[in-house]
Amino acid sequence: MSEIELHRKLLGDRLRNQAFHAALQRVIQPGKTTVVDIGAGTGFLSFLARQLGAKHCTLIEYTDTLDLAEDLARKNKISELTFIKAHSAEMTKPPKADVVISETLGNYALEENLLETLVDARRFLNKNGVIIPGRLRQFVAPVIHSRLQDETDIWPQVGFGIDLAPARTISLNNMFVKLLRVDDLAGAQSARCWDDLDFSPSAIAPVSKRSSTVKWTATDLPGAAQVYGYALWWECELVPGITISTSPFEPPTHWEQIYLPLLKPLELQAADTLEVTLSSDTRPQVGVRVAWRTRQLRAGKAVSEQTQDIARGRL
């Protein structure tokens, strides 16, 4: 995807734009508040901040989109902006501000180094400063309809007498960006929060290697005879009371959800417990690595186990 196409999608998302505008309105004191915009892109968030009365905004962006941001600022006669072409993590003398904002959310929330960017953003804050977004919660739910698995697992249907099993295994050790439907899931009550990150300056800094185990019983998944994989989505609190969600149970945004397939669908019995351990590693030297280990428990004992890791899905 080209840079301008990415920004077309971002700026075409009214829910996103309205939420960030509302969050900035909450924290900006006209004529007083200074802002650092990390990963500024076209400069849209800084332009909103200046419209709301921010005293000065510093835009940090390492791509050539920063040139477009300067053109747009001139076109719209927006002043009191400083443009810095750099990666924020590499800046040894960061400019200080009252508010640091960074919209680097992905379909998988952490795929664009949001966690690392916001932890490092503390270096840019004045005393009692605010980071936007302030909190991120990630959710997982079993997928009980075959639709997404049928779209993803095409290998057995290719035919012509060719066994594609090795290619299938590589393929199914990946996460897929998909548009989830409500009927793919067993209702909103099947969602589990598997990760909760607090980016506020006073909180302990979240780490890049993260792991959590969640479980479901048959009563949590009414009508679910089979499980084909997992849906992931997130809820991001920009400031208290203002959130953006990619939940399939909420109004749609330009972001979609993530589908984690299983190697083999699970046949659940009434007394079974479904358990998944999700791991995420977004350290800079790693990139993005997500793994999921599934266990089907019966009378406390594992009757089925599958382990998948996108490190095995790279070809």
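Before reading on, note that the structure itself is shown above.
This structure is a prediction, so every number in the text was calculated from the model and none was measured.

**What to know about the nonpolar core**
Step number 1: Counting residues in each nonpolar core, the largest one holds 73 residues, and the members touching the most others are Tyr 108, Ile 132, Leu 136, Tyr 230 and Leu 238.
Step number 2: If one sorts the elements of this core by residue count, strand β10 (residues 226-239) sits on top with seven residues.
Step number 3: Counting eleven residues, the second largest nonpolar core, distinct from the first, contains Leu 148, Phe 176, Leu 180 and Trp 233.

**What to know about helix α3 (residues 44-51)**
Step number 1: Among all positions of α3, only Leu 45, Ser 46, Phe 47, Leu 48 and Ala 49 are buried.
Step number 2: Considering only its buried residues, α3 is in contact with α2 (14-27), β1 (34-38), β2 (56-60), α4 (65-75), β3 (81-84) and β4 (97-101).
Step number 3: Residue Gly 53 follows α3 closely and has a positive phi angle near 105 degrees.

**Remarks on the packing of α2 against α3**
Step number 1: Close contact between α2 and α3 brings their axes to 10 Å; oriented N to C, the two are set at 45 degrees. By the angle class used here, α2 and α3 are oblique. The hand of the α2/α3 crossing is right-handed. Taking contact as the criterion, the partners of Arg 16, Asn 17, Phe 20, His 21 and Leu 24 in α2 are, on α3, Phe 44, Leu 45, Leu 48 and Ala 49.
Step number 2: A class-by-class count of the residues in the contact of α2 with α3 yields six nonpolar, two polar and one charged.

The rules behind these values
Residues numbered from 1 in each chain as written. Predicted model: local features only at pLDDT ≥ 70, side-chain atom pairs only at ≥ 80, totals over all residues. Heavy atoms only, no water. Core = buried A, V, L, I, M, F, W, Y, C linked by side-chain atoms within 4.5 Å. Buried < 20%, exposed > 50% of the residue type's maximum accessible area, 1.4 Å probe, protein only. Helix = DSSP H or I, 4+ residues; strand = E, 2+ residues; numbered from the N terminus. Contact = heavy atoms within 4.5 Å. Axes fitted to C-alpha atoms, helices over the stretch in contact; angles between N-to-C directions. Parallel < 35°, antiparallel > 145°, perpendicular 65-115°, else oblique. Left-handed = near helix turned anticlockwise from the far one by under 90°. Nonpolar A, V, L, I, M, F, W, Y, C, P; charged D, E, K, R; others polar.

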